[in-house]
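Residue-level structure breakdown
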Amino acid sequence: MNKTTLLSVLSAVLISLCIAGCSSSSSGSIQSQRQYPTTLVSGRVINPLLDNAPISGASVSVSTAAGGTGTVTTGTNGNFAIEITVEPGTVTTITFTKKGYIIENLPVNIATDGSLSYNELVNGYLPVYAADVSYITNARPVVNNGYGALSPDGKYLYLVDSTTHSITKYNLLTNTSFTLAGTGNSGTADGKGSSAEFNHPTGIAVSSDGDTLYVSDFTEAKIRKITGAGTAASSDQVMVYTIAGNGLSYQDGPGMTASLGNLSGITLASDDDNLYVCSVSHSRVARISGVKNATGKTAVTVYTVVGSGTDGIDDGQGDGNVLSAPFDVTLSRDGDTIYVSANGLGLFPPRIKKITGVKNAQSAAATKIYTIAGSDTGDAAGRGDAAKFNYPYGIAIANDDDTLFVADYNNKRLKKISGIKNAVSPTETYVSNMAVGSLNYPRDTVLSPDNGILYIIRSSEFITAKATEN
């Protein structure tokens, strides 16, 4: 069901409930209390991955809270009708499900006069996110404890495998794959992909020409560079170099002396020369400049752009105690704003953070940081200051620069954050649950270049989901 259809349906619901409510008495008599508004919601269940083909005999259900009741009638060609009766003066959440996935949660307030309203507005619009993930394909087993990055043409998905210490190149057109780099043994050896070693690789990023990969090595605290990836058909056709990292301590400066600690997510700027990396163990994000032509450490320089080295969840100037266990990072199109999933590791509540002024920053004192989503550890959608996460891991930004997708690991969910572009407070964003059930601890999410498909990487496999923009 596309969003336009849902808005039409909701408009009908609004009119119907208002008519029903306005025609009912709001007095306290027993008779008026029994005259609850009844609304018929109808629509069609479709598969957007198959040109919006209707799903015949689809299972659609509705559940309501706070005293509401719901009945469902499903027909052929994916058609359905739902009759909902709700008591005035209550707040009711109507939940539509399909194939095990929640496709819509509507927090509806029925006033005592029978009129209908929504609990939250986002930039003046109703928060309607149905069909954001309306169908999910079968899982494709590839990696263990993996994370990923997509080639610019959308043809290849590169996956790091933290268990086998290797990098996989997966052809999405032919559904074939091979080990691009890594022997399967942990280590630090550079050289051809067939003889190179990694030690729990975690983050991965791809250059704009699709030929160079950057990998963060968690245990060895190093940044590795893989050249020739785009055209390679075997591990002998790529070369692996160490370009940054000198141990588990932390220090800015020239690449020969700079150290980064245990590393996680990374993202590459559009100039292909600046790499942003998350230091989990030191609660910092660093910018590494000079990576484009680097084949060793001498060509790069490390600058901290946010974090003090002490865990915290403060906002304000970037050199404060503002991050706790930053796990992944993504970058705005103008290259001056990064977004970070700080999962807190149980020490602090998880937060999604926005950091501005990073492009030319040579220290964290030059940037500003804002919380844009997250209140406490848990599982909740809604306005950003009420939303809850539980170990948010991978994040991806949409081309509109206004939407984030978050792999909420312990909640087994994919969450979507809307309204991020101009937000400097969590009250200005909205978080929705995009899929529920069978996500099996999602670690990362990767968005295709045209924003059409999300690749959700789980513990030992990845799945694809249709993504629609607001």
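Each chain carries its own residue numbering, running from 1 in the direction its sequence is written. Two thresholds apply to this predicted model, a pLDDT of at least 70 for residue-level local features and 80 or more for giving and counting side-chain atom pairs, whereas whole-chain, interface and lining totals are computed over all residues. No hydrogens and no water enter the side-chain calculation; it runs on all heavy atoms of the structure.

1. Some details on unusual backbone geometry
Formally: In DSSP terms, a helix is any run of H or I states spanning at least four residues, a strand is any run of E spanning at least two, and both are numbered starting from the N terminus. In this scheme, a residue with accessible area under 20% of its type's maximum is buried, one over 50% is exposed, and one in between is partly exposed, where area comes from a 1.4 Å probe on protein chains only.
A positive phi angle, near 55 degrees, is found at His 165, a position not held by glycine. Mapped onto the elements of the fold, His 165 is located in the loop between β12 (156-161) and β13 (166-171). Overall, His 165 belongs to the buried group, its relative accessible area being 9%. In this model, Asp 401 sits at a positive phi of 60 degrees, which is unusual for a non-glycine residue.

2. Describing the layout of surface pockets
Our working definition: Here a cavity means grid points, on a 1 Å grid over the protein atoms only, where a 1.4 Å probe fits yet cannot get out; a pocket means an open set of points with protein on both sides within 12 Å along at least five of seven lines; lining residues are those with an atom within 4 Å of a point. Grid points are joined across faces, edges and corners, and a volume is the space filled by probe spheres set on the points. Only Asp, Glu, Lys and Arg are considered charged, only Ala, Val, Leu, Ile, Met, Phe, Trp, Tyr, Cys and Pro nonpolar, and every remaining residue, Gly among them, polar.
Quantified by volume, the largest pocket comes out at close to 950 Å³. Around the largest pocket, the lining comprises 40 residues; the ones closest to its centre are Leu 150, Val 206, Thr 267, Leu 268 and Thr 330. Elements that contribute at least two residues to the lining of the largest pocket include exactly β11 (146-150), β16 (201-206), β23 (263-268), β28 (326-331), β33 (392-397) and β37 (444-447). Its residues assigned to classes, the lining of the largest pocket shows 19 nonpolar, 17 polar and 4 charged.

3. What to know about the pattern of salt bridges
Heads up, the condition is: Any carboxyl oxygen of Asp or Glu within 4 Å of a side-chain nitrogen of Lys or Arg constitutes a salt bridge here.
Evaluated as defined, the whole model comprises 7 salt bridges. One salt bridge connects Asp 190 with Arg 224, and the closest N-O pair in it is separated by 2.8 Å. Here Arg 224 lies in strand β18 (residues 222-227) and Asp 190 lies in the loop between β14 (176-181) and β15 (191-192), a separation of 34 residues in the sequence. The class of Asp 190 is partly exposed, set by a relative accessible area of 36%.

4. What about the side chain of Thr 202?
Put simply, the rule reads: Under this definition, polar contacts are N or O atom pairs within 3.5 Å; protein pairs additionally need one hydrogen-donor-capable and one acceptor-capable atom, and for neighbouring residues in sequence, both atoms have to be side-chain atoms. The contact criterion used throughout is that any non-hydrogen atoms of two residues lie within 4.5 Å.
Structurally, Thr 202 can be placed in strand β16. A polar contact of 3.3 Å, which involves the side chain of Thr 202, links it to the backbone oxygen of His 200. Ignoring anything within four residues of it in the chain, the contact list for Thr 202 reads Tyr 147, Val 160, Ser 162, Ser 216, Phe 218, Leu 263, Ser 264 and Phe 327.

5. Quick look at the sheet that holds strand β27 (residues 316-317)
We count it as follows: Pairing between two strands requires that DSSP report at least two bridges joining them.
Sheet architecture is open: 5 strands sit in the order β27-β31-β30-β29-β28, paired in antiparallel fashion. If you trace the sheet from one side to the other, it starts and ends with β27 and β28, each paired once. Bridging between β27 and strand β31 (residues 368-373) involves 2 bridges; their strand directions are antiparallel. If you follow Gly 316 over to β31, its bridge partner there is Ile 369.

6. Things to note about the environment of Ala 244
Inspection of the secondary structure assignment puts Ala 244 in strand β19 (residues 239-244). Distance in space between the C-alpha atoms of Ala 244 and Thr 298 is 8.7 Å, their sequence separation being 54 residues. Setting aside anything within four residues of it in sequence, one finds Ala 244 in contact with Ala 221, Lys 222, Ile 223, Leu 260, Ile 288, Lys 297 and Val 300.

7. Considerations on the packing of aromatic side chains
Think of a pair of aromatic rings as described by two things: how far the centres are apart, and how the planes are tilted against each other in angle. We count it as follows: Geometry of aromatic contacts follows a simple scheme: Phe, Tyr and Trp rings, the Trp one being its six-membered ring, pair when their centres are within 6.5 Å, and the pair is stacked under 30 degrees between planes, edge-to-face over 60, tilted otherwise. Put simply, a charge is over a ring when the Lys NZ or the Arg CZ is close to the ring centre, within 6 Å, and near the line of the ring normal, within 35 degrees.
Under the defined criterion, the tally for this structure stands at 6 aromatic pairs. Ring plane angle 50 degrees and centroid distance 5.9 Å describe the contact between Tyr 147 and Phe 327, whose orientation is recorded as tilted. Of the two residues, Tyr 147 is situated in strand β11 and Phe 327 in strand β28; the sequence distance between them amounts to 180 residues. The residues Tyr 147 and Phe 327 share a single accessibility class, namely buried. An angle of 15 degrees between the planes, with centres 4.2 Å apart, marks the rings of Phe 327 and Tyr 393 as stacked. Taken together, the residues span a long stretch of sequence, with Phe 327 in strand β28 and Tyr 393 in strand β33 at a distance of 66 residues. Clustering of aromatic rings is evident, with ring pairs tying together Tyr 147, Phe 327, Tyr 391, Tyr 393, Tyr 409 and Tyr 441. A cation over a ring is seen here: Arg 284 above Tyr 250, with NZ or CZ 4.3 Å from the ring centre.

8. Concerning the side chain of Ser 207
By the element assignment, Ser 207 lies in the loop between β16 and β17 (212-217). A distance of 3.4 Å separates the side chain of Ser 207 from the backbone nitrogen of Asp 211, its partner in a polar contact. Ignoring any residue separated from it by four or fewer positions in sequence, one finds Ser 207 in contact with Pro 152, Thr 212, Leu 268 and Asp 272.

9. Focus on the pairing of β16
Successive residues of a regular strand alternate their side chains across the two faces of the sheet. Most of β16 is tucked away: 6 of the 6 residues are buried. Counting the residues between successive antiparallel strands, the hairpin from β16 to β17 contains 5 residues, one of them, Gly 210, with a positive phi of roughly 75 degrees.

10. Some points on the sheet that holds β11
Keep this limit in mind: For every element, the axis is a line fit to its C-alpha atoms; helices are fit only across the contacting stretch, and the angle between N-to-C directions ranges from 0 to 180 degrees.
Spatial strand order, β11-β12-β13-β14: 4 strands in an open sheet with antiparallel pairing. At either end of the open sheet lies a strand with only one pairing partner, and these are β11 and β14. The average undirected angle you get between the axes of adjacent strands in this sheet is 25 degrees. Of the strand pairs in this sheet, β11 and β12 are connected by 5 bridges, and their pairing is antiparallel. Note that in β12 the partner of Gly 148 across the bridge is Leu 159.

11. Side note on the pairing of β23
Extensive coverage of β23 is indicated by the burial of 6 of its 6 residues. Counting the residues that bridge the hairpin from β23 to strand β24 (residues 274-279) gives 5 residues, and of these Asp 272 lies at a positive phi of roughly 65 degrees.

12. What to know about the nonpolar core
So the rule is basically this: Among the buried residues, those of types Ala, Val, Leu, Ile, Met, Phe, Trp, Tyr and Cys that are joined through side-chain atoms within 4.5 Å form a nonpolar core.
Counting 22 residues, the largest nonpolar core has Tyr 158, Ile 167, Leu 180, Phe 198, Ile 204, Leu 213 and Ile 226 as the members making the most contacts within it. The dominant element in this core, judged by the number of residues it contributes, is β12, at 3 residues. Excluding residues that lie within four positions of it along the chain, Leu 180 makes contacts with Tyr 158, Ile 167, Thr 168, Lys 169, Gly 193, Leu 213, Ile 226, Ala 229, Ala 232, Ser 235 and Val 238. Membership of the second largest hydrophobic core comes to 19 residues, among which are Ala 205, Ala 244, Leu 263 and Leu 268.

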